[in-house]
Structure formats: structure tokens, C-alpha cells
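Single-letter residue listing:
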Amino acid sequence: MVKWLFSALAVAAMMLPAAAQAAPVYVIRHLERAPGDDPSLTDRGAERAQQLAEVLAGAQIKAVFATATKRAQETGAPLAKRLGLTVTTYNPRDVDALAAAVKAAGGPVLIVGHSNTVADLVARFGGEKPPPLGEQDYGTLFIVHDGTAQVNRIDLN
């Protein structure tokens, strides 16, 4: 399944003009979380965070951004570890600062958000705004292609 997802990412990238392939922004909602105020990921969420790391291992990710919540940090951590990066914390209320950090990264990035921020993040980075995510929507990776409004969706299910 992971090979299929990686192949889908590669095919999606090949369908774009060369300039648009320069710096896709990958946006995902944190994965399945336990109950509570600042919960960690569930076992299923942690498993899918590892799957996300496998899917994006060859995507030349330059930076991983996540909010300060445990669930967002834990979603991005396996990919960051695999690539020798650290998860950079961002303030979801300061999207301009996040956009500057994404630009400074100089290449593809992963942004881990929340059900109430993912659609706006996709739109902020130039993609067509998707419908809002529900509380039980986990595992959809949005790929915003630099310089276009095109957004690809990959479901990690």
C-alpha cells in the first residue's frame, strides 16, 4: 500500500509543469488522537504517522511544521526523524509567519494542522480550498502544487 501511495505522489508530480514541481506544500491534519485536553496520538494514529513518514520519505521534504500540540508534533515526528530534521513549531494564528518559514525552507515541506485549520492552510498556499474537515476526518494528505491552484489528495487509509 505504501508503494502505491508513493507512486501516486510521483504520478501527481509528473502531471505538472516543471516550475510547479519546485516546492509542493504537503498539508495534513494530525492523525488519530486520544481523548483529553492535549492528547497524544492513539496507537492507530502513531502507526499512520509512521506510514506518512514512509509515503513522504522520497519527497525531498526540507522542513516539517506542526502546532505545539502533542498530537501534531507526534504526527510530524517520524518523518522529521527519518530525514534528520526537527519539527518546527508554528503558531496557527500567525499564518503569515508560517508562510515566511515555508518560503525560507527552500523546498517541499509538511505542515501538520487541525480540523479547523487545514482547509485555510491549503488555500493560503495557493490551492483550491477544500471543504472543512470533520472531527473524525483523519489521514487525508493535501498536496498543494506551487504556482497552481491544483490540489491532490492522498488518503492514507
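Look above for the structure.
Quick look at the structure, then.

Reading the values: rules and limits
- Residues numbered from 1 in each chain as written.
- Predicted model: local features only at pLDDT ≥ 70, side-chain atom pairs only at ≥ 80, totals over all residues.
- Heavy atoms only, no water.
- Salt bridge = Lys/Arg side-chain N within 4 Å of Asp/Glu carboxyl O.
- Helix = DSSP H or I, 4+ residues; strand = E, 2+ residues; numbered from the N terminus.
- Buried < 20%, exposed > 50% of the residue type's maximum accessible area, 1.4 Å probe, protein only.
- Pairing = 2+ DSSP bridges.
- Core = buried A, V, L, I, M, F, W, Y, C linked by side-chain atoms within 4.5 Å.

**Some thoughts on the pattern of salt bridges**
Two side chains of opposite charge can pair, provided their charged atoms sit close to one another.
Part 1: Under the definition given, this model contains seven salt bridges.
Part 2: The salt bridge involving Arg-33 is made with Glu-135; its shortest N-O contact spans 3.4 Å. In this pair, Arg-33 is assigned in the loop between β1 (25–29) and α2 (43–56) and Glu-135 in the loop between α5 (118–124) and β5 (140–144), connecting sequence segments 102 residues apart.
Part 3: Look at Arg-33 and you get partly exposed, because its relative accessible area is 28%.
Part 4: Salt bridges sharing common partners tie together Arg-29, Arg-33 and Glu-135.

**With respect to the pairing of β5**
Part 1: Here β5 lies mainly inside the structure; five of its five residues are buried.
Part 2: Of the two faces of β5, the one carrying Thr-140, Phe-142 and Val-144 and the one carrying Leu-141 and Ile-143 are both buried.
Part 3: Relative to β5, β1 is paired through four bridges, and the arrangement is antiparallel. The partner of Tyr-26 across the bridge, within β5, is Ile-143.

**A word on unusual backbone geometry**
Part 1: The residue Gln-60 is not glycine, and still its phi comes out positive at about 60°.
Part 2: Inspection of the secondary structure puts Gln-60 in the loop between α2 and β2 (63–66).
Part 3: Note on Gln-60: relative accessible area 58%, which makes it exposed.

**Observations regarding the nonpolar core**
Part 1: Core analysis: the biggest nonpolar cluster contains 23 residues, and Tyr-26, Ile-28, Leu-56, Leu-110 and Leu-141 have the highest contact counts within it.
Part 2: Where this core is concerned, the elements lending two or more residues are β1, α2, β2, α3 (70–83), β4 (109–113) and β5.
Part 3: If you look at the next biggest cluster of nonpolar residues, it comprises 17 residues, including Val-109, Ile-111, Val-118 and Phe-125.

Function-wise, these values are silent; they only describe arrangement.
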